[in-house]
Each structure stands twice: as C-alpha cells, then as structure tokens.
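Residue-level structural notes
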Amino acid sequence: SKIIKENTDVWNEFQKFFRDKTKFSVGFGNGCQLMGELGVVPYKFTDNLSRRFESRWSYIRLKSANSPFLKGMDGSILGVWSCHGEGRAIKQKDNDSVIAQYVDWDGNRTEKYPYNPNGSEFGVAGCTSKSGRHLAIMSHPERSIFKYQVPWSGKMDDMTDTTPWYKIFTKK
C-alpha cells in the first residue's frame, strides 16, 4: 500500500477505480489487507492474537450485504481455509460493513480460538466498502471452491464438484 500511496499517478488511478460506480473488486488474504490499508474497507488487519501464522479450516457465517459477490448467500455457514499471520480486524471508521464472521461448531459468532484463528473482535472475517462493491475477506474462498480442496464431511456426498463458494466467481 505504501508504494501505491507514494506514487501519485498510481494512487490517483486506484482512487478513480474505487470511486467508479461501475467497478467492483474482491480481496482475499493479502488482498483484504491491501484494501484495509488503502481505506477501501473500514478495517485494517494486524497480527493474530496467537502471534503465529494460522493455517486451518474455519467456519464463517455470511451476513446480509449489498455485495454483488454474495447474493443469495445470506445466513450461510460455510467452511473456508484460513491462512494468515496478520488477520485480526481492527475497525478504523464507522460503517456497517461486516459480511462474514467466524463461528464455532454450533454456528455462534465467536472470538474464541481456534474457531476464530486471528482474534478479531465480534468474529470479523470479512467486510465490504460502504457501497458493497468492494469485498474483503481475510479467509480464502478461492482455496475452498472445489470439493477436492475441502476436508471430508458427511454432507459432501450430496455436494456437486463445487462448494457454495463457487457462486462468488460465477453468476450461477
């Protein structure tokens, strides 16, 4: 983010892109961190409370949002890979933008480790820009879209070759 902000031409192009109402973007992991550092989303991301790089299968609940990426997914609880050392969300400005929260095995929002691998308050795992056009998720849905990428569960017998995360990347 520092390189982007220090280069006036590049910074102006980024600002132009994020203001354009016909544009949208998504950031997972480091992309989520970049969106926070650039001020696109109202959170910044810092060291996990565990002080370790966390790589684990987590569960998040998707909340109602005006994000074009998550249409029809409100209330879904989905497994997803979490792989980060700096994933703890710290709120920077007011905006009701939280769209994903870590949950425990009973589906309750949690700050408890290891269900919440980074210690984010209120279990924050993802958020959007105020407009909803820019989506930032600390976990990695892109590593969780195919059946062969996820841990086995009894529900997989009914699953097609893709998981519900596939919807983020398609119009289906």
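Just above, that's the structure.
Structural notes, computed from the coordinates. (Residues numbered from 1 in each chain as written. Predicted model: local features only at pLDDT ≥ 70, side-chain atom pairs only at ≥ 80, totals over all residues. Heavy atoms only, no water.)

Observations regarding helix α3 (residues 30-37)
Rule in force here: Residue burial is assigned from relative accessible area. The probe radius is 1.4 Å, only protein chains are included, and a residue is buried under 20% of its type maximum, exposed over 50%, and partly exposed in between. Only runs of H or I of at least four residues qualify as helices and only runs of E of at least two qualify as strands under DSSP, and these elements are numbered from the N terminus. An arc is given here, and it is the one of the directions from the helix axis to the C-beta atoms. Whether two residues are in contact is decided by their heavy atoms: any pair within 4.5 Å suffices.
Here α3 has its buried residues at C32, Q33, M35 and G36. Down the axis of α3, the smallest arc covering the buried residues is 160°, so these residues share one side. For α3, the elements touching its buried residues are β1 (25-28), β2 (43-46) and β8 (134-137). Taken from the residues just after α3, G39 is the one with a positive phi, measuring 80°.

Details of the environment of Q149
By secondary structure assignment, the location of Q149 is in the loop between β8 and α4 (166-169). Placed 87 residues apart in sequence, Q149 and L62 show a C-alpha to C-alpha distance of 20 Å.

Overview of the environment of T128
Relative to the elements of secondary structure, T128 occurs in strand β7 (residues 124-128). By relative accessible area, which is 3% here, T128 ends up buried. T128 sits 32 residues away from D96 along the chain, and the two C-alpha atoms are 8.8 Å apart.

Comments concerning the pairing of β8
As a reminder of what qualifies: Strand pairing requires that DSSP identify at least two bridges connecting the strands.
Here β8 shows no split at all, with H134 and A136 on one side and L135 and I137 on the other all buried. Here four bridges tie β1 to β8, and the two strands are oriented parallel to one another. Bridged to V26 within β8 is L135. In the sheet, β7 pairs with β8 via three bridges, with the strands oriented antiparallel. Residue pairing for β8: G126 is matched across the bridge by I137. Here β7 folds back onto β8 in antiparallel fashion, the turn holding five residues, of which G132 has a positive phi close to 85°.

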